[in-house]
Amino acid sequence: MRSIIAFLFLLLALPVASSADDAEGLPPGLPQLGLARDCSYIQRNAAHPRNSQAEKIAKAIDPRLIGSAALPMSLSERMRIRRVPGVSIAVIRNGHLSWAQSFGVRDTSTCEPVTIDTAFQAGSISKSLTAVLAMQAVDKGILSLDQNINSYLNRWQLTPSKDVVADTTATLRQLLSHTAAVSQPDSQGVRPGEPSYGILQALRGEPPAKGQPVQIVGIPGREWSYSNGGYLVVQLALEDSQKTSFIQLAQQQILRPLNMQRSSFDQPPSYPNLAAGHHIGRPFIDKAYGVPELAAGGLWSNPTDLVHFLIAVRNAVKGGDDRILPQRLAQIMIEPGKGDWGLGFSIDGRRFGHSGARWGMMSKMWIDQDTGDGIVVMSNGEEGLSLADEIIRTAANIYGWKGLQSRPFGAARDAGPIFVRGTMNDWGTSAKMTSIGRNHFAATLQIAAGPQSFKLASEDWSTFVLGASGQTSLSKVEVLDAEGPDITVNFPADGKYRFLMEAPDSARATLTIQPIE
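Residues numbered from 1 in each chain as written. Predicted model: local features only at pLDDT ≥ 70, side-chain atom pairs only at ≥ 80, totals over all residues. Heavy atoms only, no water.

K.L.:
Teacher, can you tell me more about the packing of aromatic side chains here?
P.N.:
The description of an aromatic ring pair uses the distance of the two centres, along with the angle that the planes make with each other. For the structure on display, the rule yields 13 aromatic pairs. Note on Phe246 and Phe265: the rings are 5.0 Å apart at their centroids and 85 degrees apart in plane angle, and the pair reads as edge-to-face. One end of the pair, Phe246, is in helix 10 (residues 246-255); the other, Phe265, is in the loop between helix 10 and strand 8 (278-279), with 19 residues separating them in the sequence. Look at Phe265 and you get buried, because its relative accessible area is 1%. A ring pair is formed by Tyr399 and Trp401, whose centres lie 5.2 Å apart and whose planes are at 25 degrees; its orientation type is stacked. Given the relative accessible area of 6%, Trp401 is considered buried. Taken together, the ring pairs connect Phe454, Phe491, Tyr497 and Phe499 into an aromatic cluster. Here the guanidinium or amino end of Arg351 rests over the ring plane of Trp366, the centre of that ring lying 5.1 Å away. (Phe/Tyr/Trp six-rings, centres within 6.5 Å; stacked < 30°, edge-to-face > 60°. Helix = DSSP H or I, 4+ residues; strand = E, 2+ residues; numbered from the N terminus. Buried < 20%, exposed > 50% of the residue type's maximum accessible area, 1.4 Å probe, protein only. Lys NZ or Arg CZ within 6 Å of the ring centre and 35° of its normal.)

Here is the structure:
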């Protein structure tokens, strides 16, 4: 009997190739994809929720809009639809780790399960740790928030591009808040075995670094513009001013004091339990690319370790723990500025956090400075951020986290204008739908012939979003789904088309598209 079971298990684990359609249209620079095994048996049995809240999330992920065509479905089904092989979650309640749980597999080429110790590439979450390191240097008088950053750079200087006034300078505060008008270097990563590069090559844009030189390309302080390059400048300032490598600074001043045992800026870390990146459900042959741009995106971590970090920063903000920062500097970090960003953190009301994205690995974290509630979600699929939003929403419904919970369809529909947003208007908000009667909305667009993809969405892409629940055509009334993919229509000719949406309060919304003669 055991031999039969072993044989059946072997069959389940045979490699499965994706279809040719899946392989079309892959993003440039994507790491080479391998074959995925059928890990469904292991995914279903890899982890069993250890508490009632984790079990609720595992059993039913709640839809964004209550009353739309979307219905609750299991986490494993959402992972299958989004082709995310593994996910790891940690929840914070009242300033303490409440629970941590993992689901699925960390590598579909081996079917090894995700555990709560599995480390993922955290991407831009690295910036939050970098910002804390910078503020520690400010606390010691090593750096200043508002001095010319070049005062602290020995090996390289930040200079303006030829189109900017020659004496333009930037400050640490501007660099940390993405208001320094600094260019964005390439950060696609380095394949294992390929030549890597250091901070100076990245800043100068010298081979084997692939990007352009880091420069000031605008007027610092005027606008918010997200930049990995700015954080590379901060990394150099930290290293030059303290004559210590960034990896050592992070280890000595954050990771070790906070007992973040499965976190590292090494590329890759030395411990074996690492997630592999995935795209369209297939694993990267090289598992993960190295990230020489350490301060901007080089962190490997897991949700439990990041919980330790979030709690420490929040406790510093509240004045209850000064292990990594004094209260006055911690509070400066989470003051919202341009673009609703602080120093190293995105600010959403009383919550602060960050998201991260590397090839095939996505992460999101936040904590509420008042309640001490929060969550960290890390995954190994390209749709991991969308899955994280669904998990966070379901947790918000369980714990009552205001502003993140599912919304009644009618209330979301009436909260503000709805737009047809897609390839025909660069996903902008130029095509506003107007009310033409109770629960009926319309918009007219000039559209070029050929396939066009779009969604019906609010300006913030959060309050109201409707996508497809199946194939769409001009002659077909389509049931829309708040969790659905882009609506794709092949328009037969150039011309004007009228989009008509019927959206009753607690029913399925429908869409028809009519050519205007």
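K.L.:
I would appreciate a short explanation of the nonpolar core in the present structure.
P.N.:
General note: in soluble globular proteins, nonpolar side chains tend to be found buried as a group. Counting 87 residues, the largest nonpolar core has Leu176 and Phe309 as the members making the most contacts within it. Contacts of Phe309, omitting those with residues within four sequence positions, involve Ser128, Leu129, Val132, Ile254, Leu258, Met260, Phe345 and Met365. The next biggest cluster of nonpolar side chains, apart from the first, holds 29 residues, and it includes Leu65, Met424, Phe441 and Ala482. (Core = buried A, V, L, I, M, F, W, Y, C linked by side-chain atoms within 4.5 Å. Contact = heavy atoms within 4.5 Å.)

K.L.:
Quick question: what am I supposed to make of the state of the cysteines here?
P.N.:
Covalent bonding between the sulfur atoms of two cysteines defines a disulfide. Counting across every chain of the model gives one disulfide. What pairs with Cys39 in a disulfide is Cys111, and their sulfur atoms sit 2.1 Å apart. Every disulfide takes its handedness from the sign of the S-S torsion; for Cys39 and Cys111 that torsion is -80 degrees, giving left-handed. Placement of Cys39 in the loop between strand 2 (36-37) and helix 3 (40-45) and of Cys111 in the loop between strand 5 (96-107) and strand 6 (112-113) is noted, with a sequence separation of 72 residues between them. Among the residues examined, Cys39 registers a relative accessible area of 3% and is labelled buried. Cys111 sits in the buried class, given a relative accessible area of 5%. (Disulfide = S-S within 2.5 Å.)

K.L.:
For this particular structure, what's the right way to read the side chain of Gln242?
P.N.:
On the secondary structure map, Gln242 appears in helix 9 (residues 228-242). Once residues within four sequence positions are removed from consideration, Gln242 is found in contact with Ala137, Ile142, Leu249 and Gln253.

K.L.:
How do you make sense of the environment of Met501 when you look at a structure like this?
P.N.:
Note on placement: Met501 falls in strand 23 (residues 495-502). Exposure remark for Met501: the relative accessible area of 1% places this residue in the buried category. With 201 residues separating them along the chain, Met501 and Trp300 place their C-alpha atoms 45 Å apart. Met501 has contacts with Ile418, Met433, Asn439, His440, Phe441, Leu456, Leu466, Thr510 and Leu511, leaving out every residue within four places of it along the chain.

K.L.:
Even after reading the chapter, I still don't get the sheet that holds strand 13 (residues 361-368), so can you show me in this structure?
P.N.:
Within a sheet, adjacent strands bond to each other through the backbone by hydrogen bonds, running parallel or antiparallel. Strand order in the open sheet made by the seven strands is 6-5-4-14-13-12-11, with antiparallel pairing throughout. Looking at which strands have only one partner, the edges of the open sheet turn out to be strand 6 and strand 11 (346-348). Relative to strand 6, strand 5 runs antiparallel, the two being bridged by two bridges. Counted as the bridge partner of Val105 is Pro113 from strand 6. (Pairing = 2+ DSSP bridges.)

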